[in-house]
Amino acid sequence: MSLHFKWNRMESMTALEMYEVIKARESVFVVEQQCAYQEADGADPQSWHLSVLLDGELAAYARVVEPGIKYPEPSIGRVITLKKFRNLQIGRALVAEAIAFTESNFQGQGIRIGAQAHLQNFYGSLGFQPVGDVYDDDGIPHIEMFKHPTEAIA
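These numbers were taken from a predicted model, which means no experiment stands behind them. (Residues numbered from 1 in each chain as written. Predicted model: local features only at pLDDT ≥ 70, side-chain atom pairs only at ≥ 80, totals over all residues. Heavy atoms only, no water.)

Colleague: What exactly am I supposed to notice about helix 2 (residues 91-105) here?
Modeller: Quick reminder: α-helices carry 3.6 residues per turn. Residues three or four places apart thus point the same way. For helix 2, built from 15 residues, the straight-helix expectation of 21 Å at 1.5 Å per residue is met to within 8% by its first-to-last C-alpha distance of 21 Å. Turning to helix 2, its buried residues are L94, V95, A98, I99, F101 and T102. Summarising the axial view, the buried residues of helix 2 lie within an arc of 165 degrees, below the 170-degree limit, and thus occupy one face. (Helix = DSSP H or I, 4+ residues; strand = E, 2+ residues; numbered from the N terminus. Expected span 1.5 Å × (residues − 1). Buried < 20%, exposed > 50% of the residue type's maximum accessible area, 1.4 Å probe, protein only. Arc of directions from axis to C-beta.)

Colleague: Which parts of the structure should I look at to understand the side chain of R25?
Modeller: Structurally, R25 is set in helix 1 (residues 15-32). The class for R25 is buried, based on a relative accessible area of 0%. Among the polar contacts listed, one links the side chain of R25 to the side chain of Y61, at a separation of 3.0 Å. With residues up to four places along the chain from it excluded, the contact list for R25 reads V30, E39, D44, H49, Y61, R63, R78 and I80. (Polar contact = N/O pair within 3.5 Å; in protein donor to acceptor, adjacent residues only side chain to side chain. Contact = heavy atoms within 4.5 Å.)

Colleague: In this structure, what is going on with the pairing of strand 5 (residues 111-116)? I would like to understand it.
Modeller: On any regular strand, side chains alternate: one points to one face of the sheet, the next to the other face. Of all 6 residues in strand 5, 5 are buried, a share of seventy percent or more. Sheet analysis places strand 5 next to strand 7 (residues 140-147), joined by 6 bridges and oriented antiparallel. Bridged to Q116 within strand 7 is H142. (Pairing = 2+ DSSP bridges.)

Colleague: Would you mind showing me how to read helix 1 here?
Modeller: Counted at 1.5 Å a residue, the expected span for helix 1 with its 18 residues is 26 Å, and the 24 Å between its end C-alpha atoms agrees. Among the residues making up helix 1, those that are buried are M18, V21, A24, R25, V28 and F29. On its buried face, helix 1 sits against strand 2 (47-54), strand 3 (57-65), strand 4 (75-81) and strand 5. Of the residues flanking the end of helix 1, it is Q34, one or two places downstream, whose phi is positive at about 50 degrees.

Colleague: How should the side chain of E73 be read in this particular structure?
Modeller: Relative to the helices and strands, E73 resides in the loop between strand 3 and strand 4. Each residue touching E73, except ones within four places of it in the same chain, is listed here: E66, P67, G68, Q109, G110, R112 and F146.

Colleague: I would appreciate a short explanation of the environment of E17 in the present structure.
Modeller: Assignment of secondary structure puts E17 in helix 1. Expressed as a C-alpha distance, the spacing of E17 and S51, which sit 34 residues apart in the sequence, is 9.1 Å. Apart from residues no more than four positions distant in its own chain, E17 is found in contact with K6, N8 and S12. At a separation of 2.8 Å, a polar atom in the side chain of E17 contacts the main-chain amide nitrogen of T14.

Colleague: Help me understand the pattern of salt bridges in this model?
Modeller: Any two side chains of opposite charge can pair, on the condition that their charged atoms come close. Inspection of every chain in the model, using the stated rule, returns 9 salt bridges. Across the pair D44 and R25 runs a salt bridge, and its minimum N-O distance is 2.8 Å. Remark: R25 occurs in helix 1 and D44 occurs in the loop between helix 1 and strand 2; sequence separation between them is 19 residues. The same class applies to D44 and to R25, which are both buried. Through salt bridges with shared partners, a single ionic network connects R9, E11 and E66. (Salt bridge = Lys/Arg side-chain N within 4 Å of Asp/Glu carboxyl O.)

Colleague: Looking at this model, I keep getting lost on the nonpolar core. Mind explaining?
Modeller: Buried together is how nonpolar side chains tend to be arranged in soluble globular proteins. Counting 36 residues, the largest nonpolar core has I76, I80, I99, I113, Y123, F128 and M145 as the members making the most contacts within it. Every element with two or more residues in this core is listed here: helix 1, strand 2, strand 3, strand 4, helix 2, strand 5 and strand 7. (Core = buried A, V, L, I, M, F, W, Y, C linked by side-chain atoms within 4.5 Å.)

Structure (C-alpha cells):
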C-alpha cells in the first residue's frame, strides 16, 4: 500500500479537491455520525489541509488550524478515514503526519485538539494528554487534549 500525503492551503486547492474534502467530511461527521452541525465552520481558509490519497483516491483527511483561530495553539482536527479504507489502518499514519507537520511549522507551541472521547487512548498513544473533563459537542462526547512541544534536537 502506497499512501500519498498532500498538504495544501485552501486557496491552492482546486474546486474539485475542496469539494471532495467537504463531501468526505460530511459523509463521516454529518451522515455516519448523525450529527447535524455547521461542518463548514469558517476555519478552512486559515488551515492547512492534509489529503491522504491511495491510488489517486481520497482515503483520509485532517486539517491543521493555525494558532489563534480555534485555540491559542495550532490544532489538528476534522480527522477522518473514509469508510472503505478503514480496514487499512491509515489513521495512525495520518495523525503522525499531521503532528510532524504541525511541530515543524509551529515550533514550540504544542498542539491542542478536541478529540472524540472514545479516541482518547489513540491520541494518548501519539503523545496527547487530556485537559479537563469530557464535554458534549453536538451530541458526541469530546475531550480537549494537548501535546506538549517536542524539544529541538541539537
